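Structure assessment
In case you want the letters, here they are:
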Amino acid sequence: MTCLTNEQIVKLVVQPGDEVALAAHIDACDACRSKMQEVRQLTDRLAAIHSEAERTHAVARAQLLAKISTIDAPAKKTAAVTWFSQQISRLTIRQRLAAGGIGLTGAFGILLLIIFASSAERLSAMERMAKQLREVTSFSYELEEISDRITGDNRRSIKRNDVVYWSAPASLRATTKIVKLPLPPPPGAVGEETVDVEEIYTKGHRGILIDHKRRQFFRTPEMPPDDFDDSSPVNWLQRMSKGSVKIVADLGTKQLYGNLAHGYVVSLGHPDPKSGQNAIHLWVDTETDLPIEYRYEESDTSDEVDSWKSVMRAYNCRWNIELDDELFLPMEPAGYDDTTWPRDEKSVAAMVDALRLYAVLSGGHYPRVSHKPGVTGFHGDEIQQEMFRLAASAAQSQNEKKAAELHQQVEQVKAGLDLITRALKNSYHTGYYGMEVTHNDNEKLLMWWPADVGDGYQVIYGDLRAENLPLAEWFKLVPPDVAASRTPLEYSKPNE
Amino acid sequence: MESNQPTNADLVTATLAGNREAFGQLYDRYVRIVRAVVAGVSGDWPGADDMVQETFLRGYRNLTTLRGADRFGAWVVGIARQVGRERRRTLRRDRHEFRDPQPWLIESPADGEMSVDDRDQLELVLRSMSQLEERERIAIHAFYLEQQDGRRAADLLGLSRSGFYALVQRAVARLAASVLPRERKERTVEQ
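Residues numbered from 1 in each chain as written. Chains lettered and ligands numbered in written order. Predicted model: local features only at pLDDT ≥ 70, side-chain atom pairs only at ≥ 80, totals over all residues. Heavy atoms only, no water.

**Examining the overall build of chain B**
What counts here: Runs of H or I in DSSP of at least four residues are treated as helices and runs of E of at least two as strands, each being numbered from the N terminus. Residue exposure (1.4 Å probe, protein chains only): buried if accessible area is under 20% of the type maximum, exposed if over 50%, otherwise partly exposed. A contact between two residues is defined here by any heavy atoms of the two lying within 4.5 Å. All accessibility values rest on the Shrake-Rupley procedure with a 1.4 Å probe; residue burial counts only the protein chains present in the view.
Counting its secondary structure elements, chain B contains eight helices and zero strands. Mapped in sequence order, the helices and strands of chain B form the string α-α-α-α-α-α-α-α. Among the 191 residues that make up chain B, the fraction classed as buried is 52%. Considering only residue pairs separated by 6 or more positions, chain B has 60% of its internal contacts joining residues 24 or more positions apart. Per element, the accessible surface of chain B, about 9000 Å² overall, is 46% carbon and sulfur.

Now the structure itself:
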């Protein structure tokens, strides 16, 4: 009998007893017995990890019962509030982005809920606001979010600022800046800017994402109008229905940004009574019936190691404003590196040709350069020079005609090398494993980068096969630490 | 012979009548599968305690919306999926540096100190698990939380027993393929 597969060994460990023949083989085979021992140690570890939960069962149960003893008995929840919760919770990252900024989405979601759910006495005012919002053709707003981790060794403050412009039917320009400061801040500290990006989309054009911090940009697919409509504040309003969100307090009127505004504190009925969603401050322009500002705070100070508080404020909301079309032109900034990854078969073929020639000249391996987030060692010019040297060395035993042919082949793969170089410059979103992978590794990835559409990745294997992989399959092939630290593509892929 | 155990419907009715201990019994029955689902969906094992509490609190508050009190198990598992999805979104936000990512935490067992090697090994297993498919993670969590009672875990997840075992075996095989080569490599380096 041949040795057992990994799956057979796992089956023997997880569900012993059914496979007599396999068990007999284990008894007779040292190699399989050793493998089985390793798998058994792994499953023992899994059992140990999970048994920890059992130890805390009684304490956790007591905590739960103590919590429910402090809250009211179960009460009927209105269908509208349930509907609200479902609508907000099912927003995808892409939809959030399309709505005009990830952080902002939550704020607009709250706004939607507020609009959605009016108490009887406020119904007419809310209806007026909804009507106005339905007819919006453009808007802009600013968003400020301050998130502080206030305990532990890693105390810090993160401040995010967005400025967003939108124009019907599907144009968007959004800037996002994030600054990080230690807490308490040292005297005079201005913080470390960790993010400074700009996204521009307009109907009929590929979009662009500009990373000012790294002085790079890349082109993105066009923002699909249907998707945009589905998640924009305007579209949300079309899905309005009656609700029952509670107005906690009337804040009266005051001047805000030069306008008379009426304020409300609104509770969305979040299950956690401490949630900031139960105390949202909304200010509405009394003349236009459109929101001017809304803010809420959230915090969790129950954990001695990981307490945090967050304040988010959307302000300076302006509606139906004149916006220059040029604001939404996805222009490539001068002096920035273009790191747009290849998106057509011809480009991929050129890259494969370059890698294949390198492997032929080097005896089966690929450029042995490191590539990790933040820095890549793949530079097409240098690699081509190396290929010329390899070609000259290989030609020593050939005739002059053959040597000239090799030289010419190296010249011809420059375009492919340049495409690889350009893609790998975006080192946070790409992978290259020339140090480890050779032409014999037909199941290992030599290189990957995000596919133009969908959630997957374009990959090139060690044997130079190229294909588009779904995200789940890509996860299986990259090292676990790469998958775990996968750089989010929300900023780069609106189609995700 | 009839079981003396109260049915789910009995316990739900008692809870709605104000008997909180009845809800505690529902917790006893379903806490393991809820933990499996929130951890599996979110990929966040260290955060499972909080998610379990949140799931049951939501369940308690919304108990009157449950149609068919005998369906409590499937219903609370649905809430657990929702809580897990919300946590997953929060984790994605963390990677934008709005909040720092939560480290993998392995607590020392009460009966003795855990060695650094043991701790590293358990962390490697958990990290590798996070790379499995969602349903594979749920299957592993359910299998081991239910103390390797595949039949009960399958019932709670609404799967056939054979289908559940096939899923667990595939998940463990993939986990082994990820974890064991690294451990062998580390052993080689140490030697």
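**Quick notes on the nonpolar core**
Here is the rule we go by: In this text, buried Ala, Val, Leu, Ile, Met, Phe, Trp, Tyr and Cys residues form a nonpolar core when linked through side-chain atoms within 4.5 Å.
Phe56, Phe72, Ile140, Phe164 and Leu175 of chain B are the most contacted members of the largest nonpolar core, which has 80 residues in total. Beyond its immediate sequence surroundings of up to four residues, Phe56 of chain B is in contact with Leu64 of chain A together with Phe23, Leu26, Tyr27, Tyr30, Val31, Val34 and Val76 of chain B. Listed in part, the 45 residues of the second largest apolar core include Val410, Leu417, Tyr433 and Val459 of chain A.

**Remarks on helix α12 (residues 380-395) of chain A**
This is how it is decided: An expected span of 1.5 Å times one less than the residue number is assigned to each helix.
End to end, α12 of chain A covers 22 Å across 16 residues, agreeing with the expected 22 Å (1.5 Å per residue, within 8%). Buried residues along α12 of chain A sit against α11 (345-362), α13 (400-412) and α14 (414-425) of chain A.

**Comments concerning the sheet that holds strand β18 (residues 466-469) of chain A**
Residue and element names in this part refer to chain A. As a reminder of what qualifies: Strand pairing is assigned whenever DSSP identifies at least 2 bridges connecting the two strands. To obtain an axis, a line is fitted to C-alpha atoms, over the contacting stretch when the element is a helix, and the angle between two such axes runs from 0 to 180 degrees between their N-to-C directions.
Here we have four strands laid out as an open sheet, ordered β15-β16-β17-β18, and antiparallel in their pairing. Of all strands in the sheet, those with a lone pairing partner are β15 (431-432) and β18, marking the two edges. Pairing of β15 with strand β16 (residues 445-450) involves two bridges; the strand directions are antiparallel. Residue pairing across strands places Gly431 opposite Trp448, the latter belonging to β16. Packed onto the sheet, α11 meets β16, β17 (457-461) and β18 and runs at close to 155 degrees relative to β16.

**Brief notes about the confidence of the model for chain A**
All names here are of chain A. Where we set the bar: Note: pLDDT gives the predictor's confidence per residue, expressed from 0 to 100.
Overall, the predicted model of chain A reaches an average pLDDT of 75, with 74% of residues at or above 70. Across chain A, element-level confidence peaks in α11 with a mean pLDDT of 94 and bottoms out in helix α5 (residues 79-89) with 32. Note on residues 487-496: pLDDT under 50 across the span, and 52 contacts to partners over four residues away in sequence or across chains.

**Some details on the packing of aromatic side chains**
The geometry of two aromatic rings is summed up by the distance between their centres and the angle between their planes. Formally: Any pair of Phe, Tyr and Trp rings, taking the six-membered ring for Trp, is counted once the centres come within 6.5 Å. Such a pair is stacked with planes under 30 degrees apart, edge-to-face with planes over 60 apart, and tilted for the rest.
With the rule as written, the count across this model stands at 18 aromatic pairs over all chains. Ring geometry for Phe139 of chain A versus Tyr141 of chain A: centroids 5.7 Å apart, planes at 20 degrees, classification stacked. As far as the burial class goes, Phe139 of chain A and Tyr141 of chain A line up, both buried. A ring pair is formed by Tyr27 of chain B and Phe56 of chain B, whose centres lie 4.8 Å apart and whose planes are at 65 degrees; its orientation type is edge-to-face. Of this pair, Tyr27 of chain B sits in helix α2 (residues 20-42) while Phe56 of chain B sits in helix α3 (residues 48-61), and the two are 29 residues apart along the sequence.

**Digging into the packing of helix α6 (residues 134-145) of chain B against helix α7 (residues 150-157) of chain B**
Residue and element names in this part refer to chain B. Keep this limit in mind: Should an angle fall under 35 degrees it is called roughly parallel, over 145 degrees roughly antiparallel, and 65 to 115 degrees roughly perpendicular, with every other angle called oblique. Take the far helix as your reference; a near helix turned counterclockwise from it by less than a right angle gives a left-handed crossing, and one turned clockwise gives a right-handed crossing. The residue classification treats Ala, Val, Leu, Ile, Met, Phe, Trp, Tyr, Cys and Pro as nonpolar and Asp, Glu, Lys and Arg as charged. All others, Gly included, are polar.
The N-to-C vectors of α6 and α7 enclose an angle of 130 degrees; their axes lie 8 Å apart at closest approach. Judged by the inter-axis angle, α6 sits oblique to α7. The handedness of the crossing between α6 and α7 is right-handed. Only Gly150, Ala153 and Leu157 of α7 make contact with α6, whose side of the interface consists of Ile138, Ala142 and Phe143. Broken down by class, the residue content of the contact of α6 with α7 amounts to five nonpolar, one polar and no charged.

**Things to note about empty space enclosed by the protein**
A probe as big as a water molecule, rolled over the atoms, marks out the empty space that is left. Rules: Method remark: on a 1 Å grid restricted to protein atoms, a set of points is classed as a cavity if a 1.4 Å probe fits but cannot get out and as a pocket if it is open with protein on both sides within 12 Å along at least five of seven lines; lining residues have an atom within 4 Å of a point. Grid points are joined across faces, edges and corners, and a volume is the space filled by probe spheres set on the points.
One pass over the structure, following the stated rule, counts five cavities of 30 Å³ or more. Estimated volume of the largest cavity: approximately 70 Å³. Lining the largest cavity are Ala53, Glu54, Thr56, His57 and Ala60 of chain A together with Tyr27, Val31, Arg32, Arg35 and Leu145 of chain B. Looking at the lining of the largest cavity, the elements with two or more residues in it are α3 (30-55) and α4 (57-69) of chain A together with α2 of chain B. At four residues, the largest contribution of residues to the lining of the largest cavity is made by α2 of chain B. Each pocket or cavity is described by its volume, and for the second largest cavity that value is around 50 Å³. Contributing to the lining of the second largest cavity are ten residues, with Gly43, Trp45, Leu126, Met129 and His141 of chain B lying nearest its centre. At the level of elements, α5 (116-129) and α6 of chain B are the ones that each hand at least two residues to the lining of the second largest cavity. By residue class, the composition of the lining of the second largest cavity is five nonpolar, three polar and two charged.

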